[in-house]
Structures are given as structure tokens and as C-alpha cells.
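Topology and contacts: notes
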Amino acid sequence: MASTSSQAAQVYAANISYDTDVQSLRNYFEQYGKLADVDLPIDRNNTTKNRGFAFLTFEDKETAAAMLRDTSSSHLIDGRKLLLSPNHPRGQRNPNRFDDGNADITGAEKKRTLYTIDDSVCPPTDEEVMRKIVTKHCKSLDKYLDNSPIAAHTKAAFSEVKKNAEEFFPDGIPKYSSSSGSSDEPGLILDSGVGTGRSSRMLGEQHPKDLIIGVDRSLSRLLKNDDATATSEDNDESFVQVVEGQPNVLLVRAELGSFWRLIIEEGWEVKSQYLLYPNPYPKPRRLKSRFYAHPIFPVLLSIGSDIIVRSNWEGYLNEFAASANIVSDYSKATPMTCVGKPILSNHLLTDGPQAVVIENEASACTLFEKKYFECGESIYELRLTKRA
């Protein structure tokens, strides 16, 4: 890294495309002023990709401040709208996580939100520890599934979902094949852990040709949505609801792990699976409660040609991606099955985590994202894609 003077100022840039290189960043940002340095970190798990963020060091503080105040530019590079924030310290990943009581180069007060989760809240998991946990779950998947019966209410809910799906797809529910069909064809989209179902409604609007299945284990959360019609909160009761005015959206009360297994048993082809409401369990002792360190994780990865995960905790998504790569590598050497059917036979590609731009409150996918938008907390997205 080049040495810098006391008049230099550092800007943090997020949401950078993997196609963007140092020279592209320099060419774009030097329209504002001279750059002393451009630091574009490389992904430690894939040295051909950058990590989606960069540190831009301008030689002059006023140049950096003027650029940050410029609202006329969208800062679009290689199809990505970059997120810029001032003075991002190396020990912090989130551009909104600043030390209280200090001012940045634009004169704005720096802050740390109530929802911030970083290494000081929960240190990263040791890579070797994570590898042992995930590999163990891969090896013992059959035993775990044999000892985990599917609850009656989940079976009943899935049967009701199947009836609705058969009506929605008169030519038959899309079935899994090693080569997925066209993304333009009507298909299934699974929204896992939906809370009140806000995200499922939004997906229904964005994908009117597709059947959106929003699943949550909590009936009380599902009943908080405006269209809920159930009259009981009995934990043993099945709940399936077609959202009023959106015949392509189903809200379902079921245990996620069991619901995933039933999808595999039926051989359904799922276009995309969303996990927009993951409970991160940000304490080291709760590690095995997180999706990526749970025995069901290989089954989760089997659902959806694309898997989209969001969180305000970038470290959570980094560990999710690392665990997914461990499972993918294991499955290449040792084929795995679920309900007697092979799973994870395709190559798994990871993209992200990348910072997400929330334009306004209405575009927040979940109630948590709404809170994050209101207080300035950053949101990150990880995308996993299966390729033959």
C-alpha cells in the first residue's frame, strides 16, 4: 500500500462486482480527484474473486468529502451501484459501524446501531472447528434423518400445499432434473423462515408466474399478517393460507427441515430458495443452532437452483458460504442421499456476501430489514448457485 499524508482520506466502497478490478475503480473515482491507493481485498476461499468491497484513499480530504456529498451520481460500475461511506476502519466490516462520538470527513456524526453484530459481539469460528462440524454432519446425515421423524402437522401442511400446487400447475408440478428448466417458465420459489410473510408477498409481486411457498415454524408469527384467518394457535395444528389477492402466494406453518425433506421426496424442482429471516444466534455457544452448523444443512443446500441468504451480520454469511463449500466438496467425493434420492450432485458456486441497497422502507423484505433501514444498519446478501 502506498504511504499517505495527513491530508489523505479513506472511503469504503461496498457492493462491488466480482468483474471489477483495481484499475476500473481507479479510472472511475479519479474523475473526482487523485487517489493515493486502491485496496481491493481478494476472497481467501477463491483467489480469482474480490470480496465485494474496497478501500479508496484520496490524497485530499476535501476531494473525498465532495465525492460523498455528490448525490447526482449513482456510482454504477460493472452493473453494480456502489455503496460509499467515509473513513471505514480496517477492524470493522460494516460501513455503518462507527465509534460513537467521532465525526467523519463529511462532518456527519459516526454511529453504531443497536443491531450491529461484529467480531466484538461474536468472534469468527475457527476454520478447522467449522470444517469438523460440517464434515461430521455430512457423514452422519442418514443417521440424523432416520432419528428425526416428520411431525404430523408438517405432513398435513405439505399435503395441503401439494393440492394447491397441483391446481396452480395444471400441467404438473415442476420436477427435479440435473439440468433445470428455463427461469422464464412458471416454477416454485421457497421462502424459508418467513416470519409474518412480508417477504413472500413481495416475492409474489415480483414473480407473478411462480408459486411462492412461504414457510415458518411459528404459527403466532404467521398469524400477525393482515390476511391470517386461522382461529387457533395450537402447536399441533396445520396451517396453510392462500394470501388474499395473491393466488400465487401460500403461507405455511411447518418445520423447515421436514418440509425440505418432503420436497426432495416428491422430487419437486425449486427455482430459488430465500432465507431472509435467518436467526443468527450471535453467541459462540449457539453455533450449532445456526443453519450452516446444523445437521440439516446438506438438505437445505439441496433445495433451489439458487439460494439467497440475507443478514446484517456479514460474518454469518461468510461462515454460511464457507460451510456450503465444505458440503459441496464433500458431496463430490462422497455422494449423499435424502429419502433414498441423491442430493447436491451439481457444482455449488458462491457469490458474496455483497452489501444490499435498500432504496426505501417499502423495499425492505422483512420487518428486520425495515428496522435496519430506519437506523442505517447495513444489510448483506449471499447467493449460492448450482451449476452442472
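Above this text you will find the structure in question.
The rules behind each value
- Residues numbered from 1 in each chain as written.
- Predicted model: local features only at pLDDT ≥ 70, side-chain atom pairs only at ≥ 80, totals over all residues.
- Heavy atoms only, no water.
- Pairing = 2+ DSSP bridges.
- Helix = DSSP H or I, 4+ residues; strand = E, 2+ residues; numbered from the N terminus.
- Axes fitted to C-alpha atoms, helices over the stretch in contact; angles between N-to-C directions.
- Polar contact = N/O pair within 3.5 Å; in protein donor to acceptor, adjacent residues only side chain to side chain.
- Phe/Tyr/Trp six-rings, centres within 6.5 Å; stacked < 30°, edge-to-face > 60°.
- Buried < 20%, exposed > 50% of the residue type's maximum accessible area, 1.4 Å probe, protein only.
- Lys NZ or Arg CZ within 6 Å of the ring centre and 35° of its normal.
- Contact = heavy atoms within 4.5 Å.
- Parallel < 35°, antiparallel > 145°, perpendicular 65-115°, else oblique.
- Left-handed = near helix turned anticlockwise from the far one by under 90°.
- Nonpolar A, V, L, I, M, F, W, Y, C, P; charged D, E, K, R; others polar.
- Core = buried A, V, L, I, M, F, W, Y, C linked by side-chain atoms within 4.5 Å.

What about the sheet that holds strand 7 (residues 188-192)?
Across a sheet, paired strands are connected by hydrogen bonds in the backbone, their directions being either parallel or antiparallel. Pairing is mixed across the open sheet formed by eight strands, whose spatial order is 9-10-8-7-11-12-16-15. Each end of this open sheet is capped by a strand with a single partner; those strands are strand 9 (239-242) and strand 15 (347-355). Geometrically, the sheet is characterised by an average inter-axis angle of 15° between neighbouring strands, direction not taken into account. Both strand 9 and strand 10 (residues 249-253) contribute to a ladder of four bridges, which runs antiparallel. Bridge pairing in strand 10 links valine 240 to valine 252.

A few points about the side chain of serine 199
Mapped onto the elements of the fold, serine 199 is located in helix 6 (residues 198-206). A polar side-chain atom of serine 199 sits 2.6 Å from a polar atom in the side chain of aspartate 191.

Some details on the packing of aromatic side chains
Taken as a whole and assessed by the stated rule, the structure comprises 15 aromatic pairs. Ring geometry for tyrosine 12 and phenylalanine 55: centres 5.8 Å apart, planes at 50°, overall tilted. Here the residue tyrosine 12 occupies a position in strand 1 (residues 9-14), and phenylalanine 55 occupies one in strand 3 (residues 53-58), the gap between them amounting to 43 residues. For the pair tyrosine 316 and phenylalanine 320, a centre-to-centre distance of 6.3 Å together with 45° between the ring planes defines the contact as tilted. Residue tyrosine 316 and its partner phenylalanine 320 are both found in helix 10 (residues 314-333); the two are separated by four residues, about one turn of the helix. The same class applies to tyrosine 316 and to phenylalanine 320, which are both buried. Connected via pairs of aromatic rings, a cluster forms that spans Tyr292, Phe297, Trp313, Tyr316 and Phe320. In this structure, lysine 371 is placed above the aromatic ring of phenylalanine 368, and the distance from its NZ or CZ to the ring centre is 5.3 Å.

A short note on the environment of isoleucine 379
By secondary structure assignment, the location of isoleucine 379 is in the loop between helix 11 (367-375) and strand 16 (380-387). In this structure isoleucine 379 comes out as buried when scored by relative accessible area, which is 4%. Sequence separation between isoleucine 379 and alanine 355 is 24 residues; the distance between their C-alpha atoms is 5.8 Å. Not counting residues up to four positions away in its chain, the partners in contact with isoleucine 379 are Arg310, Ser311, Asn312, Gln354, Ala355, Val356, Ile358, Glu369 and Tyr372.

Some details on the sheet that holds strand 6 (residues 83-86)
Strand order in the open sheet made by the four strands is 2-3-1-6, with antiparallel pairing throughout. A strand with exactly one partner marks an edge of an open sheet, and here the two such strands are strand 2 (35-39) and strand 6. Sheet twist, expressed as the mean angle between neighbouring strand axes with direction ignored, is 20°. The sheet strands contacting helix 1 (residues 22-29) are strand 2, strand 3 and strand 6, and the helix crosses strand 2 at an angle near 145°. Helix 2 (residues 61-69) rests against strand 1, strand 3 and strand 6 of the sheet, and its axis sits at about 30° to strand 1.

Considering the packing of helix 5 (residues 152-168) against helix 8 (residues 256-266)
Interaxial distance between helix 5 and helix 8 falls to 10 Å at its minimum, and their mutual angle equals 45°. One finds that helix 5 runs oblique with respect to helix 8. Crossing angle aside, the handedness with which helix 5 passes helix 8 is right-handed. Contacts from Thr154, Lys155, Phe158, Val161 and Lys162 in helix 5 reach Ser258, Phe259, Leu262, Ile263 and Glu266 in helix 8. Residues that form the contact of helix 5 with helix 8 fall into these classes: five nonpolar, two polar and three charged.

Quick word on the nonpolar core
Residues Leu190, Ile213, Val252, Phe259, Leu301 and Phe320 are the most contacted members of the largest nonpolar core, which totals 65 residues. Among the elements that line this core, the one with the most residues is helix 10, at eight residues. Once residues lying within four places of it in the same chain are set aside, the contact partners of valine 252 are Ala157, Val161, Ile213, Gly214, Val215, Asp216, Leu222, Phe239, Val240 and Phe259. Counting 17 residues, the second-largest nonpolar core is a separate cluster that includes Ala54, Leu56, Met67 and Leu82.

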